[in-house]
Amino acid sequence: MERFRVCFAKSGMLKYISHLDLQRTFLRALRRAKIPLAYSQGFSPQPRVVFAAPLGIGIEGINEYLDLFLTRQMQMELLEKRINKQLPMGLIVKNICSISLEEPAISALIGAALYRARLEMDPGSLQQNIGNLLSAEQLPKERQHKKGKKQVDIRPFILDLWEEEIGGSRNLFMLLVTGSSGGARPEEILELLQLPELRKGTILTRESLFFRVGEKLLTPGGAAYNNINEVKAWREKLL
Amino acid sequence: MPSLQSPQLLLRVNKPARYLGIEINAVHKEPDQFQVHLALAFPDLYEVAMSHLGLKILYSVANAVEGVYAERVFAPAPDMEEVLQKENKMLFSLESGTSLQDFDMVGFTLQYELAYTSILTMLALGGIPLRSADRGVKVPFVLGGGPLAFNPEPLAPFFDFFVVGDGEEVLPEILKLYKEWKAESSAKGRDDFLKKVAGVTGVYVPSFYEPFYREDKFAGINPLAEEASLPVEKRTVLNLEEAPYPCSFIVPFMEVVHDRATLELFRGCSQGCRFCQAGIIYRPVRERTVSKLSQQAKDIINQTGLEEISLSSLSSSDYPYIEELLEKLEAELDENIRLSLPSLRADPFGVKLMERIQKNKASGITFAPEAGSQRLRDVINKNITEEEILEASRDAFRTGRGHIKLYFMIGLPTETYDDLREMVKLVQKISSFTPPKSGGRGNKSRVSVSVSNFVPKPHTPFQWEQQLNIPEVKRRQLFLRERFQKMKGVDFTWHNAENSFIEAVFARGDRKLAAVLEKAFTKGCRMDAWSDMFSFSAWMQAFQAVGIKGESYALHSPSYDDPLPWDHISTGVCKDFLIREHQRAVEGITTGDCRWGNCAGCGLEACSKQNGKGEQI
Ligand code: SF4
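Residues numbered from 1 in each chain as written. Chains lettered and ligands numbered in written order. Predicted model: local features only at pLDDT ≥ 70, side-chain atom pairs only at ≥ 80, totals over all residues. Heavy atoms only, no water.

(A) A look at the overall build of chain B. Along chain B, the regular secondary structure elements total 20 helices and 19 strands. C-alpha extents for chain B along the principal axes are approximately 70 × 60 × 50 Å. Within chain B, counting contacts between residues at least 6 apart in sequence, those at least 24 apart form 76% of the total. When the accessible surface of chain B is totalled, it reaches about 24000 Å², and 49% of it is carbon and sulfur. Averaged over its 72 positive side-chain charges, chain B has a centre that lies 5 Å from the centre of its 82 negative ones. (Helix = DSSP H or I, 4+ residues; strand = E, 2+ residues; numbered from the N terminus. Contact = heavy atoms within 4.5 Å. Areas by Shrake-Rupley, 256 points an atom, 1.4 Å probe, with all protein chains shown as cover. Lys, Arg positive; Asp, Glu negative; His and termini not counted. Charge placed at Lys NZ, Arg CZ, Asp CG, Glu CD.)

Written as structure tokens, this is what we have:
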């Protein structure tokens, strides 16, 4: 068996499909592309494709990840080409690398995500509000659960917030804890900052996913940052 | 991106994936590539519409016609309807976001009566006047096809024309005719096209006919125009093998009701169940060959990447080469592609087939004995014995299946409480069989009983029968519920009696019912098949407002001599045969399946086996 890590983008109209829809869509594209998928054992064998982290409806993701288990070795360029030929408009594989079978499941490693909100309308000064959030001890937030409402403190899930001006327009960046043991959703931060929600035209992008190892932030694709400031510095270099 | 599919709309509704229109295999054409713009409309939600084979066939057939662009338009979910109304936007097509009113033609699939109000909703939201008489030159032609086109009268005022029978040959003919007309003579007005299209076999233009009544009762229908043929003959695709089939099924993003590819093994069914309309209107039986089907299976998987293929037909264990087909598919398809057989006979052969294709036993098996007693099964001509049902169930449990689902109908002609007692006994016996040790369903039930209500359908031997009244349906449901509740490992579900009543009224309706339909629509009725949307009281108010009693349709048994509102639409099966079958039903005499045995003399001229004339057997 071989394991590959696929970095892909989900954007355009496809940001409106759910995580389950995305999984289905990918699997069907892989089957059309005749990729030799490995299957799990048991009565109803499932193809072994593991997605890093679900992305909410309406948010685009430009560096999303999934792990692919294949029954045999394949040349990575060929793999990328074949998959891209079969993906619907709005999904694209950006690159593929080989990964050791020994590594833990990608979904278990994800610990943080960087989001960018494009602020279409001028929201006035945000510095004050951002400062208030970051200096707050606690940020209780009501969440709707299956069994009614629940109060959650989301302050520990906010790693950092900052503003950047890109090409003349303003952007809010949010580095948030995410993953299987809890996290904050970017929409919650928008609400706390009294910024317009997605349906009012705010465009939200997940720029990157990270594994967290102590202070360190590592992307599933292999880039490593020693701390949050290095992530910010990398962002600035992009400008 | 069409402006209608903007974030402002899409993020305000649940499941925006319903409205994207860019699924794999969706067809996109530029405006200079077509002259005729057809909307294929299905009056239900995306997930239902995208499960319907007929729509997919027509989509590919229409798009293959030179100069034609066919798109999909489905009923908006209530949340989308609200957004459209608030924003003052029109109902739009999925592929290009075009408003319904800007198409040349809008073709509705007519699949079940409880979707009728949704048709009116879609017309209204699409900016199209409800009644064909009110439509001007620029308004699209509204057509309808599907099983309910065999009694289209309750819909007559809302449609410009109907297509009766198989659509895959006749639709291209209509589109070509329209293309010529649009280019050359559209200045002559709508009626000019309707006259032309009325000449196509299988097309029914209701405004060219006028029903008449005696003492308020339907008494017949008169043709008003030279072009109005009587009767209207259905269209039949005789060579299914060569008929177009869409191997490039659209691949939905979201989960739909039948989330799988479909192979159509054959069309039609000759078992002759006397309540079944499909068994009459799709005659004769037409098969595809094993080599054709296996080729289609491979093409479908290649072009869609779907993980499951359903081997579909009205009764798949009747396909004579079913084992050969399974063998070929197993050999030729990837081992991870699942096969499913949706309509198996409740006999040991059915279980054997199921055994072979479905390794996942937790998913259970479904049988449809329809009636609980042998007497009643003989009345409805369900040619299956209690022995076969029991043996099939025993086999199913023995081979490891943990769950059996049973479908029955109540309110069938001649049914008494004794027949219900027999049903209870049959279920009792089945539930007493030892289930497998590891059924995989934990403490869940082993037997699920689902009971629907008999609806007497046009063109069947039971068209002269009536439905049970609602209180009596409920009494019988209660009778069963009390007994099934006490049984361990059995769960029981039943259909809403009021729902079935409305279904019966419109199944047997005449043109006068159109007013009730329109009233119900203005009172907010839509998507009546969804129990959370159905409002019986709104329907009752609509009947009252128009001054029509639904009971006179559903609870009335006409005599053989009474003219019926659907008599002018011909299925090719003669009335004498239906009368004979009705009489045999009452006497409890069964009629064999004409596929294996003798011709039963239904009079179908298109049948290669017939003795044709409908002679007494
Ligand atoms: S004509 Fe005879 S063989 Fe053909 S469908 Fe009718 S009953 Fe069956």
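(B) Up close: the interface of chain B and chain A. Counting from both sides, the interface comprises 30 residues of chain B and, opposite them, 25 residues of chain A. Summed over the three residues of chain B that lose the most area to chain A, namely Leu-11, Ile-22 and Phe-253 of chain B, the buried surface amounts to 26% of that side. One can count 5 salt bridges joining chain B with chain A. One salt bridge connects Arg-28 of chain A with Glu-307 of chain B, and the closest N-O pair in it is separated by 2.6 Å. Taken together, chain B and chain A are joined by 8 residue pairs in polar contact (both at pLDDT 80 or more). The set of elements that each furnish at least two residues to the side of chain B that touches chain A consists of helix H1 (7-10) and helix H9 (290-304) of chain B. Per-element tally for the side of chain B that touches chain A: the top contributor is H9 of chain B, with 4 residues. (Buried area = accessible area lost by both parts, 1.4 Å probe. Salt bridge = Lys/Arg side-chain N within 4 Å of Asp/Glu carboxyl O. Polar contact = N/O pair within 3.5 Å; in protein donor to acceptor, adjacent residues only side chain to side chain.)

(C) View of the sheet that holds strand S15 (residues 365-370) of chain B. Residues and elements named next belong to chain B. Ordered in space as S15-S16-S17-S18, the 4 strands form an open sheet in which the pairing is parallel. Single-partner strands in this sheet number two, and they are S15 and strand S18 (490-494). This sheet shows a mean twist of 20° between the axes of neighbouring strands, independent of strand direction. Two strands pair when backbone bridges link them, and strand S16 (residues 404-410) and strand S17 (residues 447-453) are joined in this way by 7 bridges, in the parallel orientation. Bridged to Met-409 within S17 is Ser-452. Lying on the sheet, helix H15 (residues 470-485) is in contact with S16, S17 and S18; it crosses S18 at an angle near 170°. (Pairing = 2+ DSSP bridges. Axes fitted to C-alpha atoms, helices over the stretch in contact; angles between N-to-C directions.)

(D) Region of the structure containing the nonpolar core. Core analysis: the largest hydrophobic core is formed by 244 residues, its most contacted members being Phe-26 of chain A together with Phe-161 of chain B. Sorting elements by how many residues they give to this core places helix H16 (residues 497-507) of chain B first, with 7 residues. With sequence-adjacent residues up to four places away left out, Phe-26 of chain A is seen in contact with Phe-8, Phe-51, Leu-66, Ile-83, Leu-87, Leu-91 and Val-93 of chain A. (Core = buried A, V, L, I, M, F, W, Y, C linked by side-chain atoms within 4.5 Å. Buried < 20%, exposed > 50% of the residue type's maximum accessible area, 1.4 Å probe, protein only.)

(E) Fine view of the packing of helix H13 (residues 386-398) of chain B against helix H14 (residues 417-432) of chain B. Residues and elements named next belong to chain B. Following both chains from N to C, one finds H13 and H14 inclined at 25°, their axes separated by 9 Å at the closest point. It follows from the interaxial angle that H13 and H14 lie roughly parallel. Here H13 and H14 pass one another in a crossing that is right-handed. The segment H13 lies against H14, with Glu-386, Ile-389, Leu-390, Ser-393 and Phe-397 engaging Leu-426, Lys-429 and Ile-430. In terms of residue class, the contact of H13 with H14 is built from 5 nonpolar, 1 polar and 2 charged. (Parallel < 35°, antiparallel > 145°, perpendicular 65-115°, else oblique. Left-handed = near helix turned anticlockwise from the far one by under 90°. Nonpolar A, V, L, I, M, F, W, Y, C, P; charged D, E, K, R; others polar.)

(F) Molecular detail of the domain arrangement of chain B. Each assigned domain of chain B is listed here: domain 1 (7-233) and domain 2 (573-617). On a C-alpha basis, the centres of domain 1 of chain B and domain 2 of chain B stand 35 Å from each other. (Domains from an automatic or database assignment.)

(G) Seen up close, the pairing of strand S6 (residues 140-145) of chain A. Where S6 of chain A meets strand S7 (residues 148-153) of chain A, 6 bridges bridge the pair, whose relative direction is antiparallel. When the sheet's bridge partners are listed, His-145 of chain A is paired in S7 of chain A with Gly-148 of chain A.

(H) Up close: the domain arrangement of chain A. All names here are of chain A. Segmenting chain A into domains produces domain 1 (2-101) and domain 2 (108-238). Put simply, the middle of domain 1 and the middle of domain 2, counted by C-alpha atoms, are 25 Å apart. Contacts between domain 1 and domain 2 engage 14 residues on the former and 17 residues on the latter. Between domain 1 and domain 2, the buried area comes to about 1200 Å², and carbon and sulfur atoms account for 56% of it. Together, Ile-59, Glu-60 and Tyr-65 form the three largest contributors to the area buried by domain 1 at its contact with domain 2, with a combined 38%. Inspection of the domain 1/domain 2 interface yields 10 residue pairs in polar contact (both at pLDDT 80 or more). Looking at which element gives the most residues to the side of domain 1 that touches domain 2, the answer is strand S3 (residues 60-70), with 6 residues. A per-class count over the side of domain 1 that touches domain 2 returns 8 nonpolar, 3 polar and 3 charged.

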